[in-house]
Amino acid sequence: MPNVMIRKSESGGLLFYVAKKDMEETIASVETDTAATWGGEVVLTDGSRWYIDPISPPPVFPTTLRFKRAD
Amino acid sequence: MSALTREETQALIQEVLEVYPDKAKKDRAKHLAVNDPTLEQSKKCITSNRKSLPGVMTIRGCSYAGSKGVVWGPIKDIVHISHGPVGCGQYSRAGRRNYYVGMTGVNTFGTMNFTSDFQEKDIVFGGDKKLDKIISEIDLLFPLAKGISVQSECPIGLIGDDIEAVSKKKAKELKKPIIPVRCEGFRGVSQSLGHHIANDSIRDWVIPNRDHDQSFVTTPYDVAIIGDYNIGGDAWSSRILLEEMGLRVVAQWAGDGTLSEMELTPKVKLSLIHCYRSVNYIARHLEEQYGIPWMEYNFFGPTKIAESLRAIAARFDETIQANAERVIAKYQAEYEAVVAKYRPRLEGKRVMLYVGGLRPRHIIGAYEDLGMEVVGTGYEFAHNDDYDRTLKDMGDSTLLYDDVTGYELEAFVKRIKPDLVGSGIKEKYVFQKMGIPFRQMHSWDYSGPYHGYDGFAIFARDMDMTINNPCWKNMKAPWQK
Ligand code: SF4
């Protein structure tokens, strides 16, 4: 269950940064990304899958959230 | 010699790996790669930030070096205690050339070495009492020091001293920030973790200091330069460009920086990151906690400078954008003259670099401005995100080497025969004796600054002076002629 900082990249996408591992990846898709909720399964461009219980209202980025590995 | 093809470079890597035993070969193979600029992610081709192989000659430093030497050391108005035995601090004292203004020993302490000089009894009975005492002594002898940082060396973590408790107690007593840093050398695989630890200690012990103090008058044009260590005056030749553009540089880390500049950083509008590797942690924190956006920039060589100035200006209003154009135009005649003078002498020369965590990619533009080509590059302590940023900057089929060993670098240089090698002091004499022009790219070989337009003129002169030095023609012994 790593702490992950989610921030917006310059191109408008979301970046997934794990400070402990110094790993930064681009988020490819988010299961629920609506005006009301954000979360569910998050897939990164490297193919790894992570999970977070949907949050509503959606968090303001950048922020640090706790994710679980989905696979 | 003309450039190598992809197959030739691959073959060269194989050939160099041949001497290793199987296990070592397998490990090292992951750290050597042929560049492919079409890749988006470096982890497909190169592994980085792993433990160095035992038995090989690595060029890396330790976590203490990353914190005391790099991030904290240049903050000039606080005393940095190298807590532990005397050697770690003494042998690295003042070697980094991060310039500052001030009266050393009175209000600034950059080139001095403060140490708790651990002896056997301190290891056996613990050094907390000694630390308590030297903090008082420092305060007595150097009353103008704005604070003290305690930089742990290996033994501190091993014997389990509680430097945090001592620091808290003394901070209360002396009414000055005392910052404990847990940067024992054995942590992590290179100096990189030391940067991270130093950033975390700044986050916890310095950044929140003025959260409730709103007396600082801000402007919409406040920026902070973060990750410029003022090697040979680099930060100064960068800062003037930003100021000419109409921005106000509130803080400059760490080169020629002060504690209060660090404390004021949360009040700025934008953090400008030069060395991404060593300060991205704090930039991310400032963004999350205070909503300060950050961006990377590159002040090596006119092409990259113009690009960066425009990108920085784009974050502000039209006045600043117009000013950026004016600054670029103002220096145009100057840098064109530099290029006109040196480019004919340097055109087509090939360079191999092996530096720390930023320059292996940042300086490429400056060489290209002089018509030179970087044919191999590598980092001591980069992570994958650094290589991600490097792939695009390097040409196709050029060589990438991560945490290269002494042997590998020598073998590559012998084969590729570059016209210039840029690396550190440990490599310098090896290559000079091989008859290859060499520049130290950590300390600018006692020259500098290299940042900014002023720095570019010095950079070009230095490269010319080294490559076209007549001494290289006289490398052969008379009886071999
Ligand atoms: S590894 Fe330990 S003993 Fe060696 S220089 Fe670093 S802190 Fe000092």
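Just so it is clear, the structure is predicted and the values come from calculations on it, not from any experiment. For every chain, the first residue of the written sequence is number 1, and numbering continues from 1 onward in sequence order. In the order they appear in the text, chains get letters beginning with A and ligands get numbers beginning with 1. At least 70 in pLDDT is required for a residue's local features to be given in this predicted model, at least 80 for side-chain atom pairs to be given and counted, and no such filter applies to totals for whole chains, interfaces and linings, which use all residues. The side-chain values count all of the structure's non-hydrogen atoms but skip hydrogen atoms and water molecules.

S.K.: Run through the interface of chain A and chain B, naming residues and quoting values.
M.R.: Here a residue-residue contact requires only that any non-hydrogen atoms of the pair lie within 4.5 Å. Chain A puts 13 residues into the contact, and the matching count from chain B is 15 residues. Taking both sides of the interface into account, the surface hidden between chain A and chain B amounts to around 1,200 Å²; carbon and sulfur atoms contribute 39%. Throughout, the accessible surface (probe 1.4 Å) given up by two parts as they are put together, summed over both, is called the buried area. Summed over the three residues of chain A that lose the most area to chain B, namely R7, D22 and P62 of chain A, the buried surface amounts to 40% of that side. Between Lys or Arg on one side and Asp or Glu on the other, a salt bridge is scored when a side-chain nitrogen of the former is within 4 Å of a carboxyl oxygen of the latter. Where chain A touches chain B, the interface holds two salt bridges. Residue E287 of chain B pairs with R7 of chain A through a salt bridge whose shortest N-O separation is 2.8 Å. Any N or O atom pair separated by 3.5 Å or less is treated as a polar contact, with the protein-specific requirement of one donor-capable and one acceptor-capable atom, and with residues adjacent in sequence counted only for side-chain atom pairs. Where chain A meets chain B, there are three residue pairs in polar contact (both at pLDDT 80 or more). Those elements that provide at least two residues to the side of chain A that touches chain B are β1 (3–8), β3 (23–33) and β6 (63–66) of chain A. Helix and strand definitions here come from DSSP, where helices need a minimum of 4 consecutive H or I residues and strands a minimum of 2 consecutive E residues; each element is numbered from the N-terminal end.

S.K.: I'd like a rundown of the pairing of strand β7 (residues 248–254) of chain B, residues and numbers included.
M.R.: All names here are of chain B. Accessibility here uses a 1.4 Å probe with only protein chains present; expressed as a share of the type maximum, an area under 20% marks a residue as buried, one over 50% as exposed, and anything in between as partly exposed. Among the seven residues in β7, six count as buried, and that is most of the element. Note: strand β6 (residues 222–228) against β7, five bridges, orientation parallel. Paired with D228 across the strands is A254, a residue of β7. Each parallel crossover has a hand, and the one from β6 via helix α10 (residues 234–244) to β7 is right-handed. What makes two strands pair is DSSP finding at least two bridges between them. A clockwise path from the first strand over the helix to the second, with the strands pointing away from the viewer, defines a right-handed crossover.

S.K.: Lay out unusual backbone geometry in plain terms, naming residues and giving numbers.
M.R.: The omega angle of the peptide bond from F61 of chain A to P62 of chain A is 0°, so this bond is cis rather than trans. Within the element layout of this structure, P62 of chain A appears in the loop between β5 (49–55) and β6. Following W253 of chain B, the chain continues to A254 of chain B via a peptide bond in cis, the omega torsion being -20°. In this model, N49 of chain B sits at a positive phi of 60°, which is unusual for a non-glycine residue. With respect to the secondary-structure elements, N49 of chain B resides in the loop between β1 (32–34) and α3 (63–72). With a phi angle near 55°, K175 of chain B is a residue other than glycine that sits in the positive phi range. Its place among the elements puts K175 of chain B in the loop between α8 (163–174) and β5 (178–181). Note on K175 of chain B: relative accessible area 73%, which makes it exposed.

S.K.: Any chance you could break down the UniProt feature "domain: Nitrogenase/oxidoreductase component" (unreviewed entry) in chain B for me, citing the residues and the numbers?
M.R.: UniProt positions are given in the numbering used here, feature names are shortened, and annotations may be inferred rather than shown by experiment. Under the present numbering, the feature "domain: Nitrogenase/oxidoreductase component" (unreviewed entry) in UniProt falls on residues 62–467 of chain B. Helix makes up 48% of residues 62–467 of chain B and strand 15%, with an end-to-end C-alpha separation of 32 Å.

S.K.: I'd like a description of the packing of aromatic side chains, backed by residues and values.
M.R.: All names here are of chain A. Here the aromatic set is Phe, Tyr and Trp, taking the six-membered ring for Trp, and pairing holds for ring centres within 6.5 Å; pairs whose planes are under 30 degrees apart are stacked, those over 60 apart are edge-to-face, and all others are tilted. Under the defined criterion, the tally for this structure stands at 22 aromatic pairs over all chains. Their ring planes at 70° and their centres at 5.1 Å tell us that F16 and F67 sit as a pair that is edge-to-face. Separated by 51 residues along the polypeptide, F16 in strand β2 (residues 14–18) and F67 in the loop between β6 and β7 (68–69) bring together distant segments of the chain. Accessibility classification places F16 together with F67 in one group, the buried group.

S.K.: So what's going on with the confidence of the model for chain A? Residues and values would help.
M.R.: Think of pLDDT as the predictor's per-residue confidence, scored from 0 to 100. Here chain A averages 84 in pLDDT, while 100% of its residues score no lower than 70. Of all helices and strands in chain A, the one with the weakest mean pLDDT is β3 of chain A (84), whereas β6 of chain A scores best (88).

S.K.: Account for the pattern of salt bridges, with residues named and values stated.
M.R.: Residue and element names in this part refer to chain B. The full count for this structure, using the stated rule, is 38 salt bridges over all chains. Note that K169 and D132 form a salt bridge whose closest N and O atoms lie 2.4 Å from each other. One end of the pair, K169, is in helix α8; the other, D132, is in helix α6 (residues 128–141), with 37 residues separating them in the sequence. A salt bridge links E244 to K330, with the nearest nitrogen and oxygen atoms 2.9 Å apart. Here the residue E244 occupies a position in helix α10, and K330 occupies one in helix α14 (residues 318–346), the gap between them amounting to 86 residues.

S.K.: An account of α3 of chain B is requested, with residue identities and associated values reported.
M.R.: Among the ten residues in α3 of chain B, eight count as buried, and that is most of the element. What α3 of chain B keeps buried is the set S63, Y64, G66, S67, K68, V70, V71 and W72 of chain B.

S.K.: Before we move on, could you go through the nonpolar core and cite the residues and values that matter?
M.R.: Residues and elements named next belong to chain B. Residues W72, I312, Y367, M441 and F459 are the most contacted members of the largest nonpolar core, which totals 93 residues. Beyond its immediate chain neighbours, meaning those up to four positions away, Y367 contacts V351, L353, M372, V374, L420, M441, F459 and M463. Note on terminology: a nonpolar core comprises buried Ala, Val, Leu, Ile, Met, Phe, Trp, Tyr and Cys residues joined through side-chain atoms within 4.5 Å. In this structure, Y20, L32, F412 and F438 belong to the second largest nonpolar core, which totals 26 residues.

S.K.: Describe the confidence of the model for chain B, and please don't skip the residues or the numbers.
M.R.: Taken residue by residue, chain B gives an average pLDDT of 91. The fraction at 70 or more is 99%. This prediction of the complex comes with two scores: 0.91 for pTM and 0.81 for ipTM.

S.K.: Explain the site of the ligand to me, using residue names and the numbers behind them.
M.R.: Note on definitions. A residue lies near a molecule or strand when any single heavy atom of the residue is within 4 Å of it. Taken together, C62, Y64, C88, E153, C154 and G185 of chain B are the residues near the ligand. Only Asp, Glu, Lys and Arg are considered charged, only Ala, Val, Leu, Ile, Met, Phe, Trp, Tyr, Cys and Pro nonpolar, and every remaining residue, Gly among them, polar. Split by residue class, the shell around the ligand holds four nonpolar, one polar and one charged.

S.K.: Give me the lowdown on the domain arrangement of chain B, citing residues and values where you can.
M.R.: Residue and element names in this part refer to chain B. Source of the domain bounds: an automatic or database domain assignment. Once the domains are mapped, chain B shows domain 1 (6–57 + 346–446), domain 2 (64–188) and domain 3 (222–336). With 19 residues of domain 1 in contact, the opposing surface of domain 3 contributes 15 residues. Interface area for domain 1 against domain 3, summed over the two sides, is near 1,300 Å², with a carbon-plus-sulfur share of 54%. At the surface where domain 1 touches domain 3, the tally comes to four salt bridges. Of the charged contacts in the structure, one is a salt bridge between R389 and E296, with a shortest N-O distance of 2.9 Å. Taken together, the links from domain 1 to domain 3 amount to nine residue pairs in polar contact (both at pLDDT 80 or more).

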